[in-house]
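# Geometric and topological summary
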Amino acid sequence: MAREFTAADTTRGPRLPRLERRAQLLEAAQSVFVDKGYHASGMEDIAERAGVSKPVLYQHFPGKLELYLALVDKHTAALVELVEAALNESDDHKDRTYASIRAFFDFVAREDEPFRIVFESDLNEVAAVRERIGWATEACVDAISRRIMLDTELPQPVARLVAQGLVGMSQVSARSWLRDGTIPLDLAVEIIGRLAWRGVGGQRARFVAPA
């Protein structure tokens, strides 16, 4: 027989407005998922980390997957916003290239480690997770490729290929930089920026396909 929840079950800790409570629960879930991984984490772990009862947690999220998807949505949107903002920081093509790379490094450098949810998810076998992460990658590629077309007049397929290379290089390099931990952030961005600019800046204003 299922136990009925009592008032005491749902009132542990101070009462918070719904949006504040949701943000608190997401923060707790983030730290648990980063520490343990999705599969080893339980709703009781998240409730304990948040300082609430499990019924309170279930009032906001019906299950662990829904919690995880909410975090994926939050962090993928934040990454895309960082990249789009970087592309609008300057009118200079080179500066925008460096800024877009910096966006990935800044994202990876965040203390709450959202990149582990976006780039190192242990739940990629779930279509809903895979689709959301794929959306973020495509959104970044789309934003960068549009800017490349405006700056270089490259045709769309070429600009998109260049953008895909830049996005892939940026996120892999940023994760590698974080694991290594010996190179200052600004210097790391400068190193990868120089590498990328030699490729992006070297694209001809008018692309002519080989015969």
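Procedures and definitions
- Residues numbered from 1 in each chain as written.
- Predicted model: local features only at pLDDT ≥ 70, side-chain atom pairs only at ≥ 80, totals over all residues.
- Heavy atoms only, no water.
- Phe/Tyr/Trp six-rings, centres within 6.5 Å; stacked < 30°, edge-to-face > 60°.
- Helix = DSSP H or I, 4+ residues; strand = E, 2+ residues; numbered from the N terminus.
- Buried < 20%, exposed > 50% of the residue type's maximum accessible area, 1.4 Å probe, protein only.
- Lys NZ or Arg CZ within 6 Å of the ring centre and 35° of its normal.
- Polar contact = N/O pair within 3.5 Å; in protein donor to acceptor, adjacent residues only side chain to side chain.
- Contact = heavy atoms within 4.5 Å.
- Axes fitted to C-alpha atoms, helices over the stretch in contact; angles between N-to-C directions.
- Parallel < 35°, antiparallel > 145°, perpendicular 65-115°, else oblique.
- Left-handed = near helix turned anticlockwise from the far one by under 90°.
- Nonpolar A, V, L, I, M, F, W, Y, C, P; charged D, E, K, R; others polar.
- Core = buried A, V, L, I, M, F, W, Y, C linked by side-chain atoms within 4.5 Å.
- pLDDT = per-residue confidence, 0-100.

### Focus: the packing of aromatic side chains
On inspection of all chains with the given rule, the structure shows 5 aromatic pairs. Between the aromatic rings of Phe33 and Tyr68, the centroid separation amounts to 5.1 Å while the plane-to-plane angle is 75 degrees, which identifies the pairing as edge-to-face. Of this pair, Phe33 sits in helix α1 (residues 18–36) while Tyr68 is found in helix α4 (residues 64–87), placing the two residues 35 residues apart along the sequence. A single burial state applies to Phe33 and to Tyr68, both of which are buried. Following the ring pairs from residue to residue traces out a cluster consisting of Phe33, Tyr38 and Tyr68. When the ring centre of Tyr38 is taken as reference, the NZ or CZ atom of Lys64 above it lies at 4.2 Å.

### Brief notes about the side chain of Arg96
Here Arg96 shows up in helix α5 (residues 93–109). A polar atom in the side chain of Arg96 sits 2.6 Å from the side chain of Asp151. Apart from the residues lying within four places of it in its own chain, the contact partners of Arg96 are Ala86, Leu87, Ser90, Asp91, Arg147 and Asp151.

### Considering the packing of α4 against α5
At a minimum axis distance of 8 Å, the contact between α4 and α5 shows a crossing angle of 155 degrees. The angle between α4 and α5 places the two elements in the roughly antiparallel class. Every pair of crossing elements has a handedness; the one defined by α4 and α5 is right-handed. Residues His75, Leu79, Leu82, Val83, Ala86 and Leu87 of α4 touch α5, and the partners they reach there are Arg96, Ala99, Ser100, Ala103, Phe104 and Phe107. Of the residues assigned to the contact of α4 with α5, the class counts are 9 nonpolar, 2 polar and 1 charged.

### Some remarks on the environment of Ala139
Residue placement: Ala139 occurs in helix α7 (residues 127–152). Judged by relative accessible area, which is 14%, Ala139 ranks as buried. Distance in space between the C-alpha atoms of Ala139 and Glu81 is 9.7 Å, their sequence separation being 58 residues.

### What to know about the nonpolar core
Here is a general trend for soluble globular proteins: nonpolar side chains tend to be buried in one another's company. Counting residues in each nonpolar core, the largest one holds 35 residues, and the members touching the most others are Leu79, Val83, Phe105, Phe119 and Ile144. Mapped by element, the contributors of at least two residues to this core are α4, α5, α6 (115–118), α7, α8 (156–180) and α9 (185–200). For this core, the element with the most residues is α8, which contributes 8 residues. Ignoring anything within four residues of it in the chain, the contact list for Val83 reads Ala103, Phe104, Cys140 and Ile144. Ranked by size, the runner-up nonpolar core spans 25 residues in total, among them Ala47, Ala50, Ala70 and Val129.

### Looking at the confidence of the model for the chain
Mean pLDDT over the chain works out to 88, with 86% of the residues at or above the 70 mark. Averaged over each element, pLDDT in the chain is lowest for α9 (90) and highest for α4 (97). Every residue in residues 1–11 is under pLDDT 50, and counting partners more than four places away or in other chains gives 10 contacts. Every residue in residues 206–211 scores below 50 in pLDDT, and together they form 5 contacts with partners more than four places removed in sequence or on other chains.

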